[in-house]
Amino acid sequence: MKNKVKSGKEIVDDFFKNIEDIDGVDKDIVKMLTNLYENNKLTEINVKNELPKLRIQDGNKD
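Within any chain, residue numbers begin from 1 and follow the written order of that chain's sequence. Only residues with pLDDT of at least 70 get local features here, since the model is predicted, and only at 80 or more are side-chain atom pairs given and counted; chain-wide, interface and lining totals rely on the full set of residues. Side-chain calculation: all heavy atoms of the structure are included, whereas hydrogens and water are not.

Participant: Explain the packing of aromatic side chains to me, using residue names and the numbers behind them.
Facilitator: Pairing of aromatic rings covers Phe, Tyr and the six-membered ring of Trp, with a centre-to-centre limit of 6.5 Å; geometry is then stacked below 30 degrees between planes, edge-to-face above 60, and tilted otherwise. Tallied over the entire structure, the rule returns two aromatic pairs. For the ring pair Phe-15 and Phe-16, a centre distance of 5.2 Å and an interplane angle of 85° mean the geometry is edge-to-face. Classification of Phe-15 as partly exposed rests on a relative accessible area of 42%. Whether a residue is buried, partly exposed or exposed follows from its accessible area with a 1.4 Å probe, protein chains only, as a fraction of its type maximum: under 20%, in between, or over 50%, in that order. Residue classification places Phe-16 among the buried residues on the basis of a relative accessible area of 12%. Linked through ring pairs, Phe-15, Phe-16 and Tyr-37 together constitute an aromatic cluster.

Shown next as structure tokens:
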């Protein structure tokens, strides 16, 4: 029996395809992270820049 070894990109792609199925995840954060990943902009700085936007969107400015 031959097992196919997935590349790192395949593993990350699978993760983002199934991230919404993880119990307890915030749907808005999932959308934000998935969007950044799909646009090749998933970096620490971009995540930090997007999080305040989600807080404002939710009405929680703290």
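Back to the write-up after that little detour.
Participant: Account for the environment of Leu-36, naming residues and giving values.
Facilitator: Relative to the elements of secondary structure, Leu-36 occurs in helix α2 (residues 27-38). Along the backbone, Leu-36 and Ile-19 are 17 residues apart, and their C-alpha atoms lie at a distance of 14 Å. If near-sequence neighbours (up to four positions away) are discounted, Leu-36 is found in contact with Lys-41, Leu-42, Asn-46, Val-47 and Glu-50. Secondary structure elements follow DSSP: runs of H or I no shorter than four residues count as helices, runs of E no shorter than two count as strands, and numbering proceeds from the N terminus. Two residues qualify as a contact provided that any one of their heavy atoms is within 4.5 Å of a heavy atom in the partner residue.

Participant: Tell me about the pattern of salt bridges, and name the residues and values.
Facilitator: The term salt bridge refers to a side-chain nitrogen of Lys or Arg lying within 4 Å of a carboxyl oxygen of Asp or Glu. A full pass over the atoms with the stated rule returns five salt bridges. Lys-6 is the partner of Asp-14 in a salt bridge, and the nearest nitrogen-oxygen pair spans 2.3 Å. Asp-14 sits in the partly exposed class, given a relative accessible area of 24%. The shortest N-O distance in the salt bridge between Glu-50 and Lys-53 comes to 3.2 Å.

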